[in-house]
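# Tertiary structure, described
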Amino acid sequence: MSPFTEITSMYISVPYSQILHEKYVYLIIHQARSILKTLPNVNHINLSNLHHIYIIGDLHGQLADLLHIFKLNGLPAVDNPYIFNGDFVDRGPKSIEIMLLLLTAIILYPSSVFLNRGNHEDIMITARYGFQEEINSKYPNCKKQLIDLFKDVFSWLPIYSCVDTGKSNIMIVHGGISTRIDLEQINSLERNRYISMILLPKSKHVGERLTKDEQAEYLQVTDLLWSDPDPQNRSGCRNNDNRYIGCFFGSDVTEEFLSENNFSMIIRSHQVKERGYDFDHNGNILTIFSASNYCDGSNYGAFARWDYMADGPEMTSYTLQDMSPNEQLSFNKQVTLFEDPVYQTLMKKIVGKKSLLKKEFEKADKNQTKHLSPTIWSDIMKNILQIDLPWLTLRSKFVREDAQGVLYNTTIEDYALDNTKFQKTHTGIIEDLYMWKDTLIALFNLIDSDHSGFISRDEFSDVLKLIFYGKNVNNDVNQTYIEEIISTMDFNKDGKIDVNEFLESFRIVNMKKPENLHDKPKRKWNRW
């Protein structure tokens with residue numbers, strides 16, 4: 001069972017009486033915050049890599065809704081991506097549990113779980129609408145420390161997401177837009193300055209009032225988190241009289257924004273909808289609200305699934321009547337061995353030592369039978385990987401076997417980096433690169449000083465030279481090899497490397513036939 005499955009299973013017990021020990025809460029928050037700090041202001045999501053994505057709206061502390069979504073679609077995983085569009089907390093009784101689940105998911109699957117900030121991820125709002133009170137109730141001995149940590153985590157959440165569906169680009173943002181939104185400016189601002197949108201941030205010029213540019217930046221962030229489509233279908237932008245913050249925007253504003261920024265649609269949340277979702281502005285705006293029976297109301301909750309190259313999203317609605325209060329969700333059935341992070345870690349080490357393992361296997365196979373005894377196979381695994389595990393006992397999880405012995409090639413053939421073009425040419429270099437992945441990611445984020453999510457090919461080339469020339473004393477990694485690495489990682493050939501492309505180059509794929517894995521549950525879609 002994976003760590004995400006364990007914490008999820010803990011929270012499904014009735015009557016939700018268990019509270020995670022504070023030391024684990026601290027651990028989850030600190031690890032998640034370190035990841036969030038490395039992310040750009042915009043989540044760049046490419047469905048040609050992820051193949052599909054689930055889009056979840058407001059949850060507002062309603063854990064039952066989140067668990068129901070997981071039951072229908074499976075848990076977040078490398079091959080089961082989710083984006084959660086803000087307002088995770090407040091009003092509902094399980095805001096802490098939802099936050100811990102989502103933060104755990106982003107720790108385990110940072111390239112396939114995405115979080116957008118909502119207007120309730122705001123320390124001033126949580127003081128009024130329940131989240132801070134919940135912290136005080138569940139963790140009275142460390143409430144101040146936890147409130148401060150969550151305050152910081154909220155400020156580091158990305159502001160919006162851009163999804164390349166294969167046919168078009170869509171924007172996912174919690175609130176809405178306005179005529180003053182400049183995405184280039186949004187992409188480069190220091191988002192952690194905005195602890196709360198209720199209070200003006202401090203000026204970068206100590207002791208002074210906000211400059212005109214700083215005021216304009218603040219209003220843009222406010223509009224993205226708080227705005228709504230105009231309820232009277234008026235054109236243009238005007239003050240949001242319902243919320244006293246943000247704005248109302250008309251369909252003309254939407255059409256102009258989509259055209260200027262090359263988007264086909266805006267998906268937002270922020271508003272309760274009777275059936276859980278609603279299209280507006282001639283189909284250009286989709287609102288998704290995932291908290292069903294919100295504040296004891298009668299609304300449905302909803303979520304969307306968007307598949308690669310699909311024309312639009314597949315919508316599913318549900319209500320509390322769809323959930324049995326005594327239902328014990330069997331997440332074990334939905335998590336295959338391949339999805340378990342511990343197993344993934346071992347497979348990463350195996351893939352990283354693929355060439356050395358192959359060489360030692362073939363050296364030990366003196367008669368070229370493609371077989372080794374289980375004992376010899378186990379010894380080689382221990383010596384090459386430098387991991388003292390009971391490989392002999394665990395061999396059924398990593399290699400196939402028949403009457404003649406262990407089919408050693410299946411150790412390295414069943415799993416591979418999802419970058420076959422490069423593997424066929426310079427296997428040794430890509431394995432070196434894989435072993436230096438964490439250092440490369442750290443350098444990537446250091447170079448990406450404007451948090452755009454992109455670095456140039458030349459900048460990435462400099463990073464590779466620093467790594468490889470430092471590791472290979474003979475400087476035997478030439479520019480041709482480096483150019484091929486860069487070309488292979490630039491999936492969409494736009495001349496830039498983005499963090500999602502970079503991580504995707506190291507995704508391990510399962511080459512086994514489907515019958516060797518647990519079957520996943522079928523999905524039943526209720527369309528409106």
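Residues numbered from 1 in each chain as written. Predicted model: local features only at pLDDT ≥ 70, side-chain atom pairs only at ≥ 80, totals over all residues. Heavy atoms only, no water.

## Describing unusual backbone geometry
- One non-glycine residue with positive phi stands out, namely Arg91, at about 70°.
- As for its position among the elements, Arg91 is in the loop between strand E3 (82–84) and helix H5 (95–108).
- Here Arg91 falls in the partly exposed class, since its relative accessible area comes to 41%. (Helix = DSSP H or I, 4+ residues; strand = E, 2+ residues; numbered from the N terminus. Buried < 20%, exposed > 50% of the residue type's maximum accessible area, 1.4 Å probe, protein only.)

## What to know about the sheet that holds strand E10 (residues 265–268)
- Strand order in the open sheet formed by 6 strands is E1-E5-E6-E10-E12-E11, and the pairing between neighbours is mixed. Lying at the two open borders of the sheet, with one neighbouring strand each, are strand E1 (42–46) and strand E11 (277–280). Within this sheet the neighbouring strands show an average axis-to-axis angle of 20°, counted without direction.
- Sheet topology note: the E11/strand E12 (residues 285–288) ladder contains 4 bridges and is antiparallel. (Pairing = 2+ DSSP bridges. Axes fitted to C-alpha atoms, helices over the stretch in contact; angles between N-to-C directions.)

## Description of the pairing of E1
- Counting buried residues along E1, 5 of its 5 residues qualify, which places the element largely inside the surrounding structure.
- Side chains Val42, His44 and Asn46 of E1 all project onto a buried face; the interleaved residues Asn43 and Ile45 project onto the opposite face, where all are buried too.
- Note: E1 against strand E5 (residues 160–164), 5 bridges, orientation parallel. Counted as the bridge partner of Asn43 is Ser161 from E5.

## Let's talk about the packing of aromatic side chains
- Using the criterion set out here, one finds 15 aromatic pairs in the structure.
- Where Phe70 meets Tyr82, the ring centres are 5.5 Å apart and the plane angle is 85°; that geometry is what we call edge-to-face. Highlighted residues: Phe70 in helix H4 (residues 63–73) and Tyr82 in strand E3, separated in sequence by 12 residues.
- For Phe70, a relative accessible area of 0% translates into the label buried.
- You can call Tyr82 buried: its relative accessible area is 0%.
- Through successive ring pairs, a cluster of aromatic residues spans Tyr54, Phe70, Tyr82, Phe84, Phe303 and Tyr318.
- The positively charged end of Arg275 is found above the aromatic ring belonging to Tyr277, 4.6 Å away from the centroid. (Phe/Tyr/Trp six-rings, centres within 6.5 Å; stacked < 30°, edge-to-face > 60°. Lys NZ or Arg CZ within 6 Å of the ring centre and 35° of its normal.)

## Here's the deal with the environment of Leu258
- Its place among the elements puts Leu258 in helix H11 (residues 251–261).
- With 26 residues separating them in the primary sequence, Leu258 and Asn284 have C-alpha atoms 8.5 Å apart.
- In this structure, Leu258 is in contact with Phe263, Ser264, Met265, Ile266 and Asn284, ignoring residues within four places of it in sequence. (Contact = heavy atoms within 4.5 Å.)

## Remarks on the packing of H5 against helix H7 (residues 131–138)
- Remark: H5 packs on H7, axes separated minimally by 9 Å, with the N-to-C direction vectors making an angle of 90°. Taken as axis vectors, H5 and H7 run roughly perpendicular relative to one another. Residues Ser95, Ile96, Glu97 and Met99 of H5 lie in contact with H7, whose contacting residues are Phe131, Glu134, Ile135 and Lys138.
- Within the contact of H5 with H7, the residues separate by chemical class into 4 nonpolar, 1 polar and 3 charged. (Parallel < 35°, antiparallel > 145°, perpendicular 65-115°, else oblique. Nonpolar A, V, L, I, M, F, W, Y, C, P; charged D, E, K, R; others polar.)

## Observations regarding H11
- Among the residues making up H11, those that are buried are Val253, Thr254, Phe257 and Leu258. One face of H11 carries all of its buried residues, which in axial projection span an arc of 130°. With respect to the buried face of H11, the exposed residues turned more than 90 degrees away are Ser259 and Glu260.
- Close packing links the buried residues of H11 with strand E6 (169–173), helix H9 (183–188), strand E8 (237–239), strand E9 (247–249), E10 and E12. (Arc of directions from axis to C-beta.)

## Thoughts on a negative patch on the surface
- A contiguous patch of negative charge, built from Asp252, Glu255, Glu256 and Glu260, is present on the exposed surface.
- Structurally, Glu256 can be placed in helix H11. (Patch = residues over 30% accessible without salt bridge, like charges linked within 9 Å, V, L, I, M, F, W, Y side chains within 5 Å. Areas by Shrake-Rupley, 256 points an atom, 1.4 Å probe, with all protein chains shown as cover. Salt bridge = Lys/Arg side-chain N within 4 Å of Asp/Glu carboxyl O. Lys, Arg positive; Asp, Glu negative; His and termini not counted. Charge placed at Lys NZ, Arg CZ, Asp CG, Glu CD.)

## Focus on the nonpolar core
- Formed by 47 residues in total, the largest nonpolar core has its most connected members in Leu66, Phe84, Phe88 and Leu103.
- Looking at this core element by element, the count peaks at 9 residues for H5.
- Apart from residues lying up to four places away in sequence, Phe84 is in contact with Ile56, Leu59, Leu66, Phe70, Leu102, Val113, Phe114, Leu115 and Asn116.
- Formed by 27 residues, the second largest nonpolar core is a distinct cluster that contains Cys162, Met171, Leu258 and Ile266. (Core = buried A, V, L, I, M, F, W, Y, C linked by side-chain atoms within 4.5 Å.)

## Structural notes on the confidence of the model for the protein chain
- Looking at the protein chain as a whole, its pLDDT mean stands at 82, while 75% of the residues score no less than 70.
- In this model residues 12–16 is a low-confidence stretch, pLDDT under 50, and it forms 13 contacts with partners more than four residues away in sequence or in other chains.
- In this model residues 326–339 is a low-confidence stretch, pLDDT under 50, and it forms 41 contacts with partners more than four residues away in sequence or in other chains. (pLDDT = per-residue confidence, 0-100.)

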